Amino acid sequence: MPIPADQINIPAICNELTAIAERYEVALVGNDRLALDRFFMPGENTLRFGLADEQYGYDAVVAFRASLPLQSPPRRIVRCEVSTYGTDLGTVNLVFRYTDREGGGRQSQTWVRSDLPEHGGWRIVAAHVSLKNESQA
């Protein structure tokens, strides 16, 4: 069934997902792996594509994060776009710049509201990170 136009980017839902995504960012740059794990949806359909890595399934995402000494170098968000579709599906797409080195990148996430506790039920089901070189500025 198509999503009616009036259900796209409902302000309260956009604000809710924006706040959750900001908490995810704090955990990411704060190197809080256990908090990061709780933002992802448990199950085999969750995936994460990193700079040179791929994880298929929640367990693979958790294992990969556990292997990292640092979750993300310090960075600042240059632009963030949050879109929601109904009350239970949304995307977060952002551009970031590293604060301790040259360069930056892009990050995209698909979020779904579940019946799990914390974060209003919002969980990441797909994530992708890529670097952006200076010629792409």
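Everything numeric in this text was worked out from a predicted model, so none of it was measured. (Residues numbered from 1 in each chain as written. Predicted model: local features only at pLDDT ≥ 70, side-chain atom pairs only at ≥ 80, totals over all residues. Heavy atoms only, no water.)

## Things to note about the pattern of salt bridges
Heads up, the rule is: A carboxyl oxygen of Asp or Glu within 4 Å of a side-chain nitrogen of Lys or Arg is what we treat as a salt bridge. Under the scheme used here, helices are H or I runs from DSSP no shorter than 4 residues and strands are E runs no shorter than 2 residues, and both carry numbers assigned from the N terminus. The classification of residues rests on relative accessible area computed with a 1.4 Å probe and restricted to protein chains. Under 20% of the type maximum is buried, over 50% is exposed, and intermediate values are partly exposed.
Here the structure, examined in full by the defined rule, presents eight salt bridges. The partner of D37 in a salt bridge is R33, and the shortest N-O contact between them spans 3.2 Å. Taken together, the positions of D37 and R33, both in helix α2 (residues 33–39) and four residues apart, correspond to about one turn of that helix. Here R79 and E81 are joined by a salt bridge, their closest N and O atoms 2.8 Å apart. Residue class for R79 comes out exposed when judged on its relative accessible area of 53%. Classification of E81 as partly exposed rests on a relative accessible area of 39%. Within the structure, one salt-bridge network assembled from shared partners comprises E16, D88 and R113.

## Concerning the confidence of the model for the protein
Rules: pLDDT gives the predictor's per-residue confidence on a scale running from 0 to 100.
Looking at the protein, the pLDDT average stands at 94 and 97% of residues meet or exceed 70. Averaged over each element, pLDDT in the protein is lowest for α2 (95) and highest for strand β2 (residues 54–56) (98).

## Quick notes on unusual backbone geometry
Its identity is not glycine, yet N31 carries a phi of approximately 60 degrees, on the positive side. Tracing the backbone shows N31 in the loop between α1 (11–29) and α2. Here the phi dihedral of E118 falls at roughly 75 degrees; this positive angle occurs in a residue that is not glycine. Topologically, E118 is positioned in the loop between β5 (104–113) and β6 (122–132).

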